[in-house]
Amino acid sequence: MDQFTINLLFVGASFALYIGIAIWARAGSTSEFYAAGRGVHPVTNGMATAADWMSAASFISMAGLIAFTGYDNSTYLMGWTGGYVLLALLLAPYLRKFGKFTVSEFIGDRFYSPTARLVAVICLIVASLTYVIGQMTGVGVAFGRFLEVDNTTGLLIGAVVVFAYAVFGGMKGVTYTQVAQYVVLIMAYTIPAVFISLQLTGNPVPALGLFGEHAASGEPLLAKLDAIVAELGFNEYTAHHGDTFNMVLFTLSLMIGTAGLPHVIMRFFTVPKVSDARRSAGWALVFIALLYTTAPAVSAFARLNFNETIDQTQYTDAPGWFGNWENNDLIAWRDKDGDGAMDVAPGDAFEGAPAYTEERGEHGERVLSNAPADGANEVYVDRDIMVLANPEIAILPGWVIALVAAGGLAAALSTAAGLLLVISSAVSHDLLKRTFRPAITEKGELLAARLAATAAIVVAGLLGIYPPGWVAQVVAFAFGLAASSLFPAI
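Residues numbered from 1 in each chain as written. Predicted model: local features only at pLDDT ≥ 70, side-chain atom pairs only at ≥ 80, totals over all residues. Heavy atoms only, no water.

Novice: Help me get a handle on the overall build of the chain, residues and values and all.
Specialist: Summing up its helical and strand segments, the chain has 20 helices and 6 strands in all. In summary, the chain has a C-alpha radius of gyration of 23 Å against a globular reference of 23 Å for 490 residues, a match within 12%. Expressed as lengths along the three principal axes of its C-alpha atoms, the size of the chain is roughly 75 × 45 × 40 Å. Across the 490 residues in the chain, those meeting the buried criterion constitute 58%. With an accessible surface of roughly 18,100 Å², the chain has 64% of that area assigned to carbon and sulfur atoms. The chain carries 25 positive and 38 negative side-chain charges, and their two centres are separated by 24 Å. (Helix = DSSP H or I, 4+ residues; strand = E, 2+ residues; numbered from the N terminus. Rg over C-alpha atoms; globule rule 2.2 N^0.38 Å. Buried < 20%, exposed > 50% of the residue type's maximum accessible area, 1.4 Å probe, protein only. Areas by Shrake-Rupley, 256 points an atom, 1.4 Å probe, with all protein chains shown as cover. Lys, Arg positive; Asp, Glu negative; His and termini not counted. Charge placed at Lys NZ, Arg CZ, Asp CG, Glu CD.)

Dropping the structure here:
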């Protein structure tokens, strides 16, 4: 069975599971659509919260950013995790105690101000739309490579799937769908990491393998990685070479941004009691830790394998995965020195992102129309592909590659669904029910919520076709918006 067929089976089966669960748990009232009837068990809610929070940025982009910058980009890891602890300990139980459906409803009532509620709705929609753009971009990247369609087509397919289970299932359907998505994404993240850790260090636990010995050389793995990247002219992987003060401020920004994310806060409205909100927050931290303690190892393994596989390799001898990602416009090579080898060095390979023509070069590479940048680097790599390409680089079995594809899509779609519910509830409940049409029936409000979610997915899909940056960059911007607007008010 070829790789495309295996990918199709894994991704198709996961989508069928999500839609089936949404049909089974379809929301029939506004309480079920907004808060799953407030009847979700804390363990279930913890798992759903973990899937809701660990987005395409966590699964697809974070390890890629750390892989190419090293220690300094651990700010993403520290900021996002620390912010969740802040949210779980200081905010979630008290928001649940207030007994409201939405963040903007809480702000309006807490400050006795309809105007404050309207401002909160605007801030919530802007931050959530920005966040969901990153998720749809991740969907396009994963679909484009593994189902062999262009990124735009992949994004549209993902939008249809999210529409099918989020718009009809509401929070009730999305909660149980996110439980399934968590299982898929955590298996897809950890299983390849275990395989690669065994290959490189002989240790099946990636977090321990990171600090173990490199099996081929006998050196500590991190020392081996430092030596390789330093030889290529980069800063040592484990060295801190940035501005410490800026690093602290960036981490703090991500922390308070996480604590102000409306789609994560909204999950704590779904449990029966305040004590259950605390318990579900604790369980969510356990489920999140499974991925976040593995991410540093995935980053280091990816960088080590990438450099050893690509640097100085003749393009004509390049592994198949390089050509596959090149065809998706996410890796590129230009032979600046005419030797036919792919030289990896500091600096940009081209002026901006690659701009391809229809031609092929003398070595068979895709020809780029944009001028080369200064410096010796000849290889452009989109940071968002490293986790998805990792199993191919390590030559893992086809089913592992397909599992990673399903996991990347699960991470993006679970968060996208949560964000869509936040937007739809803000429009239907805060704007319509609480402001413009207080006499609207429950049936009318439920219809309005579904129409608002539909409009949001259309807008997010269109914006996701032309994203302003990598997935983690777009998501970090959304965190900044939440940090500077919703968090202070809450």
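Novice: Break down the packing of helix H7 (residues 114-146) against helix H18 (residues 442-465) for me, citing the residues and quoting the values.
Specialist: With their axes 8 Å apart at the nearest point, H7 and H18 run at an angle of 60 degrees to one another. By the angle between their axes, H7 is oblique relative to H18. Considering the relative orientation of H7 and H18, their crossing is right-handed. Listed contacts from H18 to Leu129, Val132, Ile133, Met136 and Thr137 of H7 are Ala456, Ile457, Val459, Ala460, Gly461, Leu463 and Gly464. By residue class, the composition of the contact of H7 with H18 is 9 nonpolar, 3 polar and no charged. (Axes fitted to C-alpha atoms, helices over the stretch in contact; angles between N-to-C directions. Parallel < 35°, antiparallel > 145°, perpendicular 65-115°, else oblique. Left-handed = near helix turned anticlockwise from the far one by under 90°. Contact = heavy atoms within 4.5 Å. Nonpolar A, V, L, I, M, F, W, Y, C, P; charged D, E, K, R; others polar.)

Novice: Lay out the pairing of strand S4 (residues 356-360) with the relevant residues and their values.
Specialist: Where S4 lies against strand S5 (residues 366-368), 2 bridges are found, and the strand directions are antiparallel. Its bridge partner being in S5, Tyr356 is matched across the sheet by Leu368. (Pairing = 2+ DSSP bridges.)

Novice: Before we move on, can you summarise the nonpolar core with the specific residues and values?
Specialist: Counting residues in hydrophobic clusters, the biggest one holds 145 residues, and the most contacted among them are Phe59, Trp80, Tyr84 and Trp325. Contact partners of Phe59, with chain neighbours within four places excluded, come to Leu185, Ala188, Tyr189, Leu291, Val387, Leu388, Val404, Gly407, Gly408 and Ala411. (Core = buried A, V, L, I, M, F, W, Y, C linked by side-chain atoms within 4.5 Å.)

Novice: Break down the environment of Gly209 for me, with residues and values.
Specialist: Here Gly209 shows up in helix H9 (residues 206-209). The spacing of Gly209 and Ala193 is 16 residues in sequence and 9.8 Å in space, taken between C-alpha atoms.

Novice: Could you give an account of the packing of aromatic side chains, with specific residues and numbers?
Specialist: In this structure the tally under the stated criterion is 14 aromatic pairs. An angle of 10 degrees between the planes, with centres 4.9 Å apart, marks the rings of Tyr315 and Trp333 as stacked. Of this pair, Tyr315 sits in the loop between strand S1 (313-314) and helix H15 (320-327) while Trp333 sits in strand S2 (residues 331-333); the two residues are 18 residues apart in sequence, bridging distant segments of the chain. Just as Tyr315 is buried, Trp333 falls in that class too. One aromatic cluster is present, built from ring pairs that chain together Phe68, Phe306, Tyr315, Trp321, Phe322 and Trp333. (Phe/Tyr/Trp six-rings, centres within 6.5 Å; stacked < 30°, edge-to-face > 60°.)

Novice: Explain a nonpolar patch on the surface residue by residue, including any values.
Specialist: Taken together, the side chains of Met1, Leu9, Phe10, Phe195 and Trp399 make up a nonpolar region of the molecular surface, amounting to roughly 520 Å² of accessible area. Looking at the element boundaries, Leu9 is found in helix H1 (residues 3-24). (Patch = residues over 30% accessible without salt bridge, like charges linked within 9 Å, V, L, I, M, F, W, Y side chains within 5 Å. Salt bridge = Lys/Arg side-chain N within 4 Å of Asp/Glu carboxyl O.)

Novice: Tell me about the pattern of salt bridges, and name the residues and values.
Specialist: All chains considered together, the criterion is met by 1 salt bridge. Arg279 is the salt-bridge partner of Asp276, the closest N and O atoms lying 3.3 Å from each other. Taken together, the positions of Asp276 and Arg279, both in helix H13 (residues 274-292) and 3 residues apart, correspond to about one turn of that helix. You can call Asp276 buried: its relative accessible area is 6%. Owing to a relative accessible area of 43%, Arg279 belongs among the partly exposed residues under this scheme.

Novice: Which residues make up unusual backbone geometry, and what are the values?
Specialist: Positive phi outside glycine occurs at Gln312, with the angle close to 70 degrees. Summarising the element assignment, Gln312 is placed in the loop between helix H14 (295-310) and S1. With a phi close to 55 degrees, Ile395 is a non-glycine residue in the positive phi region. As for its placement among the helices and strands, Ile395 is situated in the loop between helix H16 (386-393) and helix H17 (398-436).

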